Amino acid sequence: MNVRPVRRLKVRLLALLAAVTATLALAVSPLSPPTTAVAAAAPRHRVTYDHYSVSIDGQRVLLRSAEFHYFRLPSPDLWRDVLEKYRSAGFNTVSIYFDWAYHSPKAGEYDFTGVRDVDRLLTIAQQAGLYVIARPGPYINAETTGGGFPAWLKNVPGRARTSAPGYTAAYRDWLGHIDPILARHQITRGGSVILYNVENEYAEATDAAYMEDIQNKARADGIDVPTMTNDCCDAASWTSTWASGQGAVQIPGVDDYPQGFDCANADTSWGPWGAGLTERLREDAPVFAAEYQGGSIDQQNAGFDKCRELTGPKYMKFFYKSNLIESGATAFNYYMGFGGTNWGWLAQPNDVYTSYDYGSAITENRLLSDKYDEFKRQNLFLASVAPLTRTDPATAPASSNQAIETVARVNTGTRTQFVLVRHSDHAATTDDSATLDWTTPDGRYQVPVRVEGRDAKVLIAGYDLGGQRLVWSNSELMTHTVSAGRDIAVLYGTDGTQGSTVLRYSSRPTVKVLQGSVKASYSPRPIDPGLPPGSSSGDLRLDYTHSGLARVLISGGGRRPLLLLLGTDAEAAKFWQAGPLLVRGTSLVRSATVRGQTAYVRADTAKAEDVEVFGDAHRLVVNGSPVRTRPTASGSLLGTLPGPEAVRLPALTGWRSKAESPETRPAFDDSGWTAATKTTTESPLKPKTPTVLYADDYGYHYGDVWYRGRFTGTGAETKVSLNAFTGKRGSYLVWLNGRYLGSAAGGVEADADAPVNPAPGRGDFTIPAGLVKAGQQAVLSVLVENQGHNDDWIADDNRFKQPRGLYAVTVTGSDAPISWRIQGAKGGENLTDPTRGPLNNGGLYGERAGWHLPAYPDGTWKTGAATKVTPGVTWQRTSFRLDLPKGQDVPIALRFGGPVGQGYRVQIFLNGWNLGQYGGDIGPQTDFTLPAGLLRQHGGNTLALAIVARADATPAPVSLVALGNERGGVPVSDVPSPSFR
Ligand code: GAL
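Please read all numbers here as calculations on a predicted model, not as lab measurements.

Engineer: Can you break down the overall build of the protein chain residue by residue, with the values?
Structural biologist: The helix and strand tally for the protein chain stands at 12 helices and 56 strands. The globule rule puts the C-alpha radius of gyration for 981 residues at 30 Å, and the 30 Å found for the protein chain is close to it. Dimensions of the protein chain, computed from C-alpha atoms along their principal axes, come out at roughly 115 × 60 × 55 Å. Of all 981 residues assigned to the protein chain, the portion counted as buried reaches 64%. The distance from the centre of the 97 positive side-chain charges to the centre of the 96 negative ones in the protein chain is 5 Å.

In structure tokens:
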């Protein structure tokens, strides 16, 4: 994301067995992809599409997807945790960007192992029961460094995102590596990849031949599922929507972020970027919301909880439901479902900081929010009501109150109607009621509705609900299922509002209210001439107030029994649908199956609580342990599950600290550094120094870079003036002959916009008299942060290829030539730590010397934490042991105490992995996720903090905090974390 153009406005064995069987059970549901557990037979499936929807093996499917970035969760076992959470929220698809920069340290070199093992990722997605929308770019944006472009691409001639030969060779090489992995996971080969996304919001400065070539390359690499793209917002306003002509894709999609990104004004924002209605771009393809806002970046440093508010359940109800009915889209991908962490130097510097929580339904610490509940309510509805996959606009029932409007769609085959009910003034916050004059397929009815504030409801009429006929309801349907010869349906409505549901029978049925207060009345209808002689029909009408959970059992009346569960939003959210079971209670049901008479459930609990299982089973096993249950009047099994054991985390003690920055000393030996002698660069911005000092030109692409410049003194020097590019939130520090001269903020992305800022990241530093002596060598040491690379949203090399490092240097009082050496991450493009990869380290002395690594011998360091630091770099290290209870998921973060520190920043290394940056100039973040896997939950851990201070400072104290505690979770193995050698 960027500042958009104005147009944008617009275990136990049993448990294991149960787990596998549960997965298999998912596989046979027509709405679930097959799993690799059955891959031996490698069932192949066909993906087709038409005006209405995508179909798999001829069966229409409504794609319910959320975006997931594996590169923001460097612990492969946790991929399973998150993807199972997606599935349990009712998603049947996950959309995944593949980040070129994450895999490629150097032109021609790729790594797909360890935390980069996307083959494993795709297998896990399939096992979790999810189709995959594969989005390999080459450009992905995503607020990741370079928008997914590796920084070495800045040295490749030719404009990126065009047919320029240099760029073409580079992206073809990337696709040549990623495509074959995607290809073997396609649904057509027994996998679950169903769509291939070409490029990303490719809207400005476009080159159709390039769009076409990506697709030709993909086909040559074995991609045979439909191609798609995601056009930015208000797609019709762009030159090409890629719906026709050269470069056209098969299913053009559109991105929409109606709520904008102003998290600081979460309370007042309501659709500042439009109504968020996905446009139809092709008649022969379904309407596809390729990216629909599911959260927000935090451009104002408001904190991600505010972004979660901005895009909370109210927004989701109003905008998602409006879009469903108004646009008729049958494919939705919500960006993001889980955001994750910009660990290492993954962040694009201009819009994000370490956390990429995104205000998502699933938090950065993998906890479920109230947004998750809303996704579940909506997704289960979309999943259970098949007629939604093929609808056309229809005449909406008239509303008796102008304050309330209706919009309708109909499935012309089943005649099922879907009516959106909301305020006519979309921003209204009033509480209004109306009567709808509704001609349903089963007759004309006066239907009472009520809308409180910015709510929106999708009501349904004329629906064959299992073996029942739902005439209409002003409660919303969440889901229905059939079990042990009866239908079970969950309906819900706003707490305290009136509800009515009408069902059709051939004779008066028996109604038993099992719980709550529900009034039933039956009225026979005039004989339908279409019915056989002697038959009759009548309406059973149930009237109630949505309050808690009511249960009604209806039998007879010529139909199989129906258990109706009528709840409030909150009660409905307690239900999970997994395999053949409906489960009430627990904080998460991951999967379920029934074998014989036993229900096997995998579930998480945050406390001891009741669990109720509706299904064809007499016994219950949860997470491998039998649960004592009793049968209920509702025909369910009721039992109690234990909660997690309490957890105590160790205090962080035993610190040792050491200051470094030897590079500032004149006598420091830099003979092993790279001499900065190049005189040409691919950067569109030509340097103002005699030789090129851009870090990327010397293969130093990520993190901090040191410069040492030598010149012969005149004794008349009074000032050093520098220009440096760091990207937003970056700064640089300057020493002369070992004396600290000060720091300045570095140049940012905006400096690349026309007219190009002639003095980006300018700093003037006074030279104290006598510091430089006539005829003697002087040494200038400069530490330049590189906060990451600009994106290329506008396909403009000025922006994407903006350099990092020194741009101009002048010494007032001297015109002596300066000879420069440069040092970034050890080895540069030749990785010295391939496990942690290209984005883990920059060039701080301690990083080059392995101070961040486990087992580094710090025994000679000063004991105690670094409580006072001076300008330059100071490290502190400690270790701690964890032995968390097995079978529990305890998300742990490192918390910095007090207000966010100013004048310094801290790089956080856990077991050698760079898990982010803390500091007032970086962002508001004080809790830093330490993901299980990188964090050894049963063993020793090493924490190393690199403090880069621009002034004397007192660094904030740190502690470990548990942000959740669930019994359940998934098994997580330690991610290999090589030690110091
Ligand atoms: C979209 C883009 C995504 C991401 C998002 C904002 O425009 O396609 O990659 O940048 O905006 O978070």
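Engineer: Account for the environment of Gly 837, naming residues and giving values.
Structural biologist: As for its placement among the helices and strands, Gly 837 is situated in the loop between strand E46 (819-823) and helix H12 (845-849). Setting aside chain neighbours within four positions, we find Gly 837 in contact with Arg 116 and Leu 831.

Engineer: With reference to specific residues and values, describe the sheet that holds strand E1 (residues 47-49).
Structural biologist: Strand order in this open sheet of 3 strands is E1-E2-E3, and the pairing throughout is antiparallel. Two strands in the sheet have a free side with no partner beyond their single neighbour: E1 and strand E3 (59-61). Averaged over neighbouring strand pairs, the angle between their axes works out to 40 degrees when direction is ignored. When strand E2 (residues 54-56) meets E3, the two strands line up antiparallel, connected through 3 bridges. Considered in E3, the bridge of Val 54 is made with Val 61.

Engineer: Which residues make up helix H4 (residues 118-127), and what values go with them?
Structural biologist: Taking burial as the measure, the 10 residues of H4 include 7 buried ones, the bulk of the element. Capping of H4 at its N-terminal end is provided by Asp 117; its side-chain oxygen lies 3.3 Å from the backbone amide nitrogen of Asp 119.

Engineer: Give a detailed account of the packing of helix H5 (residues 165-184) against helix H6 (residues 208-220), specifying residues and quantitative values.
Structural biologist: Two elements in contact, H5 and H6, have axes separated by 10 Å at closest approach and are oriented at 35 degrees. In terms of crossing hand, the pair formed by H5 and H6 is right-handed. Along its contact with H5, which presents Tyr 167, Thr 168, Tyr 171, Arg 172, Leu 175, Gly 176 and Asp 179, the element H6 presents Tyr 210, Asp 213, Ile 214, Lys 217 and Ala 218. Split into classes, the residues belonging to the contact of H5 with H6 amount to 6 nonpolar, 2 polar and 4 charged.

What counts and how
Residues numbered from 1 in each chain as written. Predicted model: local features only at pLDDT ≥ 70, side-chain atom pairs only at ≥ 80, totals over all residues. Heavy atoms only, no water. Helix = DSSP H or I, 4+ residues; strand = E, 2+ residues; numbered from the N terminus. Rg over C-alpha atoms; globule rule 2.2 N^0.38 Å. Buried < 20%, exposed > 50% of the residue type's maximum accessible area, 1.4 Å probe, protein only. Lys, Arg positive; Asp, Glu negative; His and termini not counted. Charge placed at Lys NZ, Arg CZ, Asp CG, Glu CD. Contact = heavy atoms within 4.5 Å. Pairing = 2+ DSSP bridges. Axes fitted to C-alpha atoms, helices over the stretch in contact; angles between N-to-C directions. Polar contact = N/O pair within 3.5 Å; in protein donor to acceptor, adjacent residues only side chain to side chain. Left-handed = near helix turned anticlockwise from the far one by under 90°. Nonpolar A, V, L, I, M, F, W, Y, C, P; charged D, E, K, R; others polar.

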